[in-house]
Amino acid sequence: MRTSRDGLHPPCSTVYETGPLRDVTGTTIRPGGLTLTDRAVKLCSFAAGAQLLDVGCGAGGSVEHLLSRYGFDTRGVDISPSLIAEGLRRNPELPLSVGAAEALSYPDGSQDGILCECVLSLLSEPLRALAEFRRLLRSGGYLMLSDMYSREISSGARPDRYLRETALHMEIEAWLSENGFTMLLWEDHTPLLRELAAQLILAGASIEGLCRRAAGTGGKPGYYLLVAHKE
Ligand SMILES: C[S@@+](CC[C@H](N)C(=O)[O-])C[C@H]1O[C@@H](n2cnc3c(N)ncnc32)[C@H](O)[C@@H]1O
């Protein structure tokens with residue numbers, strides 16, 4: 001299996017399948033649980049029955065929530081067969097499938113919204129994934145991202161490198177704008193990351209890998225939520 005620089009976050013890591021992170025997070029494997037999902041969805045003017053895709057959906061916690069709470073026609077895709085199987089064991093009705101963010105098998109312009117929670121910075125080719133999101137979204141469709149980021153300025157590495165090692169706000173914004181997205185919202189939610197780190201420590205787990213993910217850029221780890229729409 002290919003391994004990322006910090007050795008803790010390979011593209012399909014068992015860290016997300018079992019162990020302390022799962023014990024602490026349950027079916028939503030990220031800081032903040034459904035809080036940021038709800039916040040993002042409320043900012044997008046989705047019509048009833050809107051078509052949404054959760055990329056890197058893990059065990060399908062958000063997919064289940066978007067279907068049951070909002071009635072959106074939501075699907076989920078994740079590279080981990082084990083997480084998809086877990087989601088289907090929990091709820092066999094969930095439309096979950098195995099697939100890679102960088103090569104999604106959906107038609108151009110087929111989605112009203114794409115959700116990608118705590119995934120982008122793990123990818124070895126994040127710009128390819130973003131290009132896929134753009135391809136799949138209809139014009140005016142919404143991109144909802146949340147992820148780790150680096151809260152400190154460091155000098156001029158390429159955006160794809162930054163994205164892989166936790167990006168700076170300005171790089172993410174620049175890339176989105178260069179690719180025809182308008183940023184509607186950027187919010188710092190680092191307290192949710194701190195909360196998760198504290199829960200992991202209390203559960204006796206190490207947070208070294210979490211910190212190193214941001215330290216690769218010389219920055220301090222942070223967590224963001226952004227909503228953009230395709231022009
Ligand atoms: C931190 S977990 C977040 C899972 C889910 N979004 C959630 O918040 O519960 C990261 C997820 O990204 C998935 N992943 C990693 N690389 C991927 C790729 N190339 N394509 C699709 N999913 C990927 C992992 O399998 C894992 O489920």
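Rules behind the numbers
Residues numbered from 1 in each chain as written. Predicted model: local features only at pLDDT ≥ 70, side-chain atom pairs only at ≥ 80, totals over all residues. Helix = DSSP H or I, 4+ residues; strand = E, 2+ residues; numbered from the N terminus. Buried ≥ 20, exposed ≤ 12 C-beta atoms within 10 Å, placed from the backbone. Contact = placed C-beta atoms within 7 Å. Near = placed C-beta within 6 Å. Nonpolar A, V, L, I, M, F, W, Y, C, P; charged D, E, K, R; others polar. Core = buried A, V, L, I, M, F, W, Y, C linked by C-beta atoms within 7 Å. Pairing = 2+ DSSP bridges. Axes fitted to C-alpha atoms, helices over the stretch in contact; angles between N-to-C directions. Arc of directions from axis to C-beta. pLDDT = per-residue confidence, 0-100. Expected span 1.5 Å × (residues − 1). Right-handed = clockwise from strand over helix to strand, strands pointing away.

With respect to the overall build of the protein chain
- Secondary structure assignment for the protein chain yields nine helices and seven strands.
- When burial is assessed residue by residue, the protein chain has 43% of its 231 residues classed as buried.
- For the protein chain, contacts bridging at least 24 residues in sequence account for 71% of all contacts bridging at least 6.

Focus on the site of the ligand
- Not every one of the 22 residues close to the ligand is listed here, only the nearest: Ile 29, Gly 56, Gly 58, Ser 80 and Ala 101.
- Grouping the amino acids of the shell around the ligand by side-chain chemistry returns 13 nonpolar, five polar and four charged.

Topic: the nonpolar core
- In this structure, Val 55, Ile 114, Cys 116, Val 119, Phe 133, Leu 143 and Met 144 are the most contacted members of the largest nonpolar core, which totals 53 residues.
- No other element matches the seven residues that strand S5 (residues 137-150) contributes to this core.

Here's the deal with the sheet that holds strand S6 (residues 181-188)
- Spatially, the seven strands line up as an open sheet ordered S3-S2-S1-S4-S5-S7-S6, and their pairing is mixed. A strand with exactly one partner marks an edge of an open sheet, and here the two such strands are strand S3 (96-98) and S6. Strand-to-strand twist of the sheet, defined as the mean angle between neighbouring strand axes without regard to direction, takes the value 20°.
- Examined bridge by bridge, strand S2 (residues 73-78) and S3 share three bridges and lie parallel to one another. If you follow Gly 76 over to S3, its bridge partner there is Leu 96.
- Against the sheet, helix H2 (residues 35-43) makes contact with strand S4 (111-117), S5, S6 and strand S7 (221-230), and its axis sits at roughly 25° relative to S7, the strand it touches most.
- Helix H3 (residues 61-70) contacts strand S1 (51-55), S2, S3 and S4 of the sheet and is inclined by roughly 175° relative to S2.

Details of helix H5 (residues 126-136)
- Within the span of H5, buried status applies to Pro 126, Ala 129, Leu 130, Phe 133 and Leu 136. Down the axis of H5, the smallest arc covering the buried residues is 125°, so these residues share one side.

Here's the deal with the confidence of the model for the protein chain
- Scored by pLDDT, the protein chain comes out at a mean of 86, with 84% of its residues at no less than 70.
- Confidence over residues 1-12 falls short of pLDDT 50; this stretch has 25 contacts with residues more than four positions distant or in other chains.

Here we look at helix H8 (residues 190-202)
- Compared with an ideal rise of 1.5 Å per residue, which puts 13 residues at 18 Å, H8 spans 18 Å between its outermost C-alpha atoms and is within 8% of the ideal.
- Immediately beyond the C-terminal end of H8, within one or two residues, lies Gly 204, with a positive phi of roughly 85°.

What about the pairing of S4?
- Most of S4 sits inside the fold, with seven of its seven residues counted as buried.
- The sheet contact formed by S1 and S4 spans three bridges and is parallel. Each bridged residue has a counterpart across the sheet, and for Leu 52 the counterpart in S4 is Gly 113.
- Relative to S5, S4 runs parallel, the two sharing six bridges. Its bridge partner being in S5, Gln 111 is matched across the sheet by Leu 137.
- For the crossover from S4 across H5 to S5, the handedness is right-handed.

A few points about the environment of Phe 133
- Among the structural elements, Phe 133 can be located in helix H5.
- Note on Phe 133: 25 C-beta atoms within 10 Å, which makes it buried.
- Sequence separation between Phe 133 and Gly 109 is 24 residues, and the spatial gap between their C-alpha atoms is 9.4 Å.
- Ignoring any residue separated from it by four or fewer positions in sequence, one finds Phe 133 in contact with Ile 114 and Leu 143.

Considering the environment of Ala 131
- For Ala 131, the position within the fold is in helix H5.
- In this structure, the C-alpha to C-alpha distance between Ala 131 and Ala 103, residues 28 residues apart in sequence, is 9.6 Å.

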